[in-house]
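Coordinate inspection notes
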Amino acid sequence: MSTSHFPIAIIGAGLGGLTAARVLHVNGIESAIFELEASAAARVQGGMLDIHENNGQKALHAAGLHDDFLKIVHEGGQAMRLLGPDGTVHVAEEDDGTGGRPEVDRGDLRDLLLDSLPDGTIHWGRKVTGARALGDGRHEVTFADGSAITTDLLIGADGAWSRIRPLVSSARPAYTGISFVETDLFDADTRHPRSAAVIGGGFFIALGHERGVLAHRESDGSLHVYTALKIDEGWLDTVDFTDQAAAKAAVLARFEDWDESLRALVADADTITPRRIHALPVGHRWDRVPGVTLLGDAAHVMSPFAGEGANLAMLDGAELALALAARPGDTEAALAAYEEALFPRSEASAAESAASLDTMFGERGLEQMVEFFTSGPAAR
């Protein structure tokens with residue numbers, strides 16, 4: 001088995017890992033990223049992200065990419081509509097260009113970060129099969145292709161089911177009680193004009209009866225819809241998602257009393273995909289382990305109902321890189337400083353996400369979210 005040594009190894013080429021590598025590079029520090037996907041184009045990244053001033057944009061400033069980020073912002077994407085199950089519009093906010101959470105396509109943002117890294121930074125097609133401590137803060141990582149690396153600093157940026165997390169924590173993500181069925185409606189203005197009109201220009205929420213529909217208008221003109229169900233963890237396994245008609249019927253059976261304009265977001269969809277929502281315990285943390293740390297979902301995967309996941313991952317990556325740059329020659333002091341800020345920051349967002357889940361899918365979800373959005377900007 002061939003083994004190479006890398007001073008800093010980042011596992012995972014998601015937004016957090018890429019941001020860490022970029023901010024390290026800006027500060028004159030080399031790193032290597034190992035990613036299980038075969039190439040940058042292995043799958044469509046998809047989905048719109050709102051990038052917040054206080055974390056995601058802060059990371060982009062540290063990466064020297066904020067001006068380029070502004071060029072890929074989805075104009076009008078901060079518009080928002082909140083409906084009830086009967087199709088009544090309770091809140092409608094337009095995007096006047098002054099909001100602090102501009103929308104961007106995840107794929108465009110990832111490409112921005114990928115293109116900012118030196119050639120050869122990312123080692124594609126490297127699926128981790130194991131990681132172990134070698135002593136003195138060094139670690140070995142093995143891959144499915146039979147190769148292995150050693151590293152002085154191992155950074156787990158490999159998502160909810162991280163293979164690096166067990167080095168520092170025995171915690172595993174647990175089912176939150178909510179499952180998504182994701183659908184896409186392509187070329188919406190032409191092929192699905194009714195649905196396009198219902199969604200509007202940006203973000204869309206419909207809530208009621210402990211169920212919900214969340215959707216975005218994508219920059220390519222499609223609609224990406226998350227139908228949210230408060231159901232047992234095994235329910236998705238009872239549905240054959242390879243049979244699109246049967247899968248749609250199973251989901252729509254849970255929305256029989258909803259307005260047809262909302263049901264159409266499933267009935268008329270071009271794709272349908274199930275996804276369970278998992279989260280680590282609120283307040284997840286670990287004792288300092290020499291030579292290894294986590295960022296993003298590997299550290300604090302949470303439900304998406306505070307909109308903080310990608311933003312936190314990017315801030316984690318930037319803050320970790322800045323801590324290392326500020327303490328050359330003292331990796332342990334850098335990691336301790338990074339984690340000292342990481343834990344309370346992620347705990348606050350995880351608590352907010354869990355509370356939002358309880359609110360949105362509670363008995364008064366619609367009423368409480370109307371109150372939230374109409375009580376003035378100071379409340380949010």
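Read on for a plain summary of the structure. From a predicted model like this one, the values you see are computed outputs, not experimental measurements.

**Here we look at the overall build of the chain**
Scanning the chain for helices and strands turns up twelve helices and 16 strands. A globule of 380 residues ought to have a C-alpha radius of gyration of about 21 Å, and the chain, at 21 Å, matches this closely. In the chain, buried positions account for 53% of the 380 residues. As presented, the chain carries roughly 16200 Å² of accessible surface, and 49% of it is formed by carbon and sulfur atoms. Put simply, the chain has 31 plus and 57 minus side-chain charges, and the middle of one group is 4 Å from the middle of the other.

**Considering the environment of V26**
Topologically, V26 is positioned in helix 1 (residues 15-26). Residue V26 is classed as partly exposed on the basis of its relative accessible area of 41%. Sequence separation between V26 and S261 is 235 residues, and the spatial gap between their C-alpha atoms is 49 Å. Ignoring sequence-local partners within four residues, the contact set of V26 consists of A62 and A63.

**With respect to the nonpolar core**
Within the largest apolar cluster, 58 residues are counted, with the highest numbers of intra-cluster contacts made by I10, L18, I33, F34, F69 and L109. Counting residues per element, this core draws most heavily on helix 10 (residues 309-326), at seven residues. The residues contacting L18, other than those within four sequence positions of it, are A13, I33, R110, L113, L114, L117 and I122. Core analysis: the second largest hydrophobic core is formed by 30 residues, A188, A196, V198 and L229 among them.

**Considerations on the sheet that holds strand 12 (residues 203-208)**
Within a sheet, each strand pairs with its neighbour through backbone hydrogen bonds, oriented either parallel or antiparallel. The seven strands lie next to each other as 5-4-12-13-14-11-15, forming an open sheet whose pairing is mixed. Two strands in the sheet have a free side with no partner beyond their single neighbour: strand 5 (89-93) and strand 15 (271-279). For this sheet, the mean angle separating the axes of adjacent strands, direction not counted, is 15 degrees. Relative to strand 14 (residues 223-230), strand 11 (residues 174-185) is paired through eight bridges, and the arrangement is antiparallel. Bridging from a neighbouring strand, V181 pairs with T227 of strand 14. Across the sheet, helix 7 (residues 244-252) lies against strand 11, strand 14 and strand 15, angled at about 50 degrees from strand 15, the strand it touches most.

**A short note on unusual backbone geometry**
In terms of backbone geometry, most residues other than glycine have negative phi values and most peptide bonds are trans. Of note in the backbone geometry, H209 takes a positive phi value of approximately 55 degrees without being a glycine. Among the secondary structure elements, H209 is positioned in the loop between strand 12 and strand 13 (211-217). Assessed through its relative accessible area of 44%, H209 is described here as partly exposed. With a phi angle near 60 degrees, E210 is a residue other than glycine that sits in the positive phi range. As for its placement among the helices and strands, E210 is situated in the loop between strand 12 and strand 13.

**Focus on the pattern of salt bridges**
Where charged atoms from two side chains of opposite charge come close, those side chains can pair. If you walk through the whole model with that rule in mind, you get 16 salt bridges. Of the charged contacts in the structure, one is a salt bridge between K71 and D68, with a shortest N-O distance of 3.4 Å. Under the relative-accessibility criterion, K71 is labelled exposed at 67%. The exposure class of D68 is partly exposed, given its relative accessible area of 31%. Between R364 and E371 there is a salt bridge, and its shortest N-O distance comes to 3.3 Å. Since its relative accessible area comes to 44%, E371 is described here as partly exposed.

**So, the side chain of H224**
By the element assignment, H224 lies in strand 14. Given a relative accessible area of 10%, H224 falls into the buried group. A polar side-chain atom of H224 sits 2.9 Å from a polar atom in the side chain of E182. A distance of 2.5 Å separates the side chain of H224 from the side chain of D184, its partner in a polar contact. Once you skip the residues sitting within four places of it in the chain, H224 turns out to touch E182, T183, D184, L214, A215, H216 and E218.

**Description of the packing of aromatic side chains**
Here the structure, examined in full by the defined rule, presents eight aromatic pairs. Both rings, one in F255 and one in W258, keep their centres 4.9 Å apart while their planes meet at 80 degrees; by these two values the pair is edge-to-face. Of the two residues, F255 and W258, neither departs from the other in class, the shared state being buried. The structure contains a cluster of three or more aromatic residues connected by ring pairs, namely F180, Y226, F305 and F361. One residue, R126, lies across the ring of F143, its end atom 4.7 Å from the ring centre. Above the plane of the ring of F255 lies R211, whose end atom (NZ or CZ) is 5.7 Å from the centre.

Each value, and the rule that gives it
- Residues numbered from 1 in each chain as written.
- Predicted model: local features only at pLDDT ≥ 70, side-chain atom pairs only at ≥ 80, totals over all residues.
- Heavy atoms only, no water.
- Helix = DSSP H or I, 4+ residues; strand = E, 2+ residues; numbered from the N terminus.
- Rg over C-alpha atoms; globule rule 2.2 N^0.38 Å.
- Buried < 20%, exposed > 50% of the residue type's maximum accessible area, 1.4 Å probe, protein only.
- Areas by Shrake-Rupley, 256 points an atom, 1.4 Å probe, with all protein chains shown as cover.
- Lys, Arg positive; Asp, Glu negative; His and termini not counted.
- Charge placed at Lys NZ, Arg CZ, Asp CG, Glu CD.
- Contact = heavy atoms within 4.5 Å.
- Core = buried A, V, L, I, M, F, W, Y, C linked by side-chain atoms within 4.5 Å.
- Pairing = 2+ DSSP bridges.
- Axes fitted to C-alpha atoms, helices over the stretch in contact; angles between N-to-C directions.
- Salt bridge = Lys/Arg side-chain N within 4 Å of Asp/Glu carboxyl O.
- Polar contact = N/O pair within 3.5 Å; in protein donor to acceptor, adjacent residues only side chain to side chain.
- Phe/Tyr/Trp six-rings, centres within 6.5 Å; stacked < 30°, edge-to-face > 60°.
- Lys NZ or Arg CZ within 6 Å of the ring centre and 35° of its normal.

Everything listed is a geometric property; what it means functionally is a separate question.
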